[in-house]
Amino acid sequence: MRLLEEILEFNKKFVENEEYKLYRTEDKYPAKKVVMVTCMDTRLVELATKSLNLSNGDVKVIKNAGAILSHPYGSILRSLVIAVYLLQADEIIVMGHYDCGMQSVDTDKVINEMWERGVSAETFRILKYSGINIKEWIHGFDDVVQSVMHDVDMIVNHPLIPKNVYVHGLVMNPENGKVDLLENGYDRRLKDARGHL
Ligand SMILES: [Zn+2]
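Sequence order sets the numbering: in each chain, residues are counted from 1 along the sequence as written. The model is predicted, so local features are restricted to residues of pLDDT at least 70 and side-chain atom pairs to those at 80 or more, both for listing and for counting; the totals for chains, interfaces and linings are taken over all residues. Neither water nor hydrogens contribute to the side-chain values; these are computed over all heavy atoms in the structure.

Participant: Explanation requested: the overall build of the protein in the structure shown.
Facilitator: Helix and strand labels come from DSSP, where a helix needs a run of H or I of at least four residues and a strand needs a run of E of at least two; each type is numbered from the N terminus. Counting secondary structure elements, the protein contains eight helices and five strands. N-terminal to C-terminal, the α/β element order of the protein is α-β-α-β-α-β-α-α-α-α-β-β-α. Oriented by its inertia axes, the alpha-carbon framework of the protein measures out at about 55 × 55 × 35 Å. Out of the 197 residues in the protein, the part that is buried amounts to 34%. For the protein, the share of sequence-separated contacts (at least 6 apart) that also reach a separation of at least 24 residues comes to 73%. Relative accessibility under 20% of the residue-type maximum defines a buried residue, over 50% an exposed one, and the middle range a partly exposed one, all with a 1.4 Å probe and only protein chains included. Residue contacts follow a heavy-atom distance rule, with two residues in contact if any of their heavy atoms lie within 4.5 Å.

Below, the structure written as structure tokens:
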């Protein structure tokens, strides 16, 4: 049986056995009023939330490769804006992790793979003349701490994110779930408030 068939078969039994009842939540709003941006790393699928005592129904989770905010008006920021304005989130956590696949991506290797898997010279030429630097586009980050702080700064300074939203920065060890605190959003709010006095 191939993966999709296994998935569908399991799902049928899951529903029949009413296992979904374990995951039922009050409603679609995050009970802990928090939204988290983190990485799609397989080690973090459950670890990212369970190690922080965030269960089904507690948190909105947005994921991509590296928890990278590459554009202030990209899909991640849009999701954050929706979480804040429509889904009652008043805290944002950006959580990167050590040993991330987006750290020091070997862009030449990826481009070679693209060649080998049939992306044509013509495609690369069109991208180049459309102003898309494929190497920059693939490149992740060199330092996870800098990357998380870049995300935090982008959110804190974003014109559509209200100033009373707390923005925290964390980095997780994917081996044991331990987090290091990079940015405590409560402290920043306090500092910002004092700065205006
Ligand atoms: Zn990662």
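Further notes follow.
Participant: Explanation requested: the environment of Pro-72 in the structure shown.
Facilitator: Counting through the fold element by element, Pro-72 comes out in the loop between β2 (59-64) and α3 (75-85). Judged by its relative accessible area of 31%, Pro-72 falls in the partly exposed class. As for Pro-72 and Tyr-166, which are separated by 94 residues in sequence, their C-alpha atoms are 18 Å apart. Among residues more than four places away in sequence, those in contact with Pro-72 are Leu-77, Met-154 and His-158.

Participant: Please explain the coordination of the zinc ion as it appears in this structure.
Facilitator: Metal donors: N, O and S atoms at distances within 2.8 Å, or within 3.2 Å for Na, K and Ca, with water omitted from the atom set so that some sites may seem incomplete. Taken together, the protein donors to the zinc ion comprise Cys-39 (SG), His-97 (NE2) and Cys-100 (SG), at separations of 2.0 to 2.2 Å. When the donors of the zinc ion are listed by position in the chain, the intervening gaps give C-x57-H-x2-C. Linking Cys-39 in strand β1 (residues 34-39) with Cys-100 in the loop between β3 (91-97) and α4 (107-116), this pair joins segments that are 61 residues apart in sequence. For Cys-39, a relative accessible area of 5% gives the class buried.

Participant: How do you make sense of the pattern of salt bridges when you look at a structure like this?
Facilitator: Close approach of charged atoms allows side chains of opposite charge to pair. Salt bridge, as used here, is a side-chain nitrogen of Lys or Arg placed within 4 Å of a carboxyl oxygen of Asp or Glu. For the structure on display, the rule yields 13 salt bridges. Here Lys-50 makes a salt bridge to Glu-46, at a shortest N to O gap of 2.8 Å. In this pair, Lys-50 and Glu-46 are both assigned in helix α2 (residues 44-50), four residues apart and thus about one turn of the helix distant. By the burial criterion, Lys-50 is exposed, and Glu-46 matches it. As a salt-bridge pair, Lys-178 and Asp-180 come within 3.0 Å of each other at their nearest N and O atoms. When salt bridges that share partners are traced, they join Asp-41, Arg-43, Asp-99 and Glu-175 into one network.

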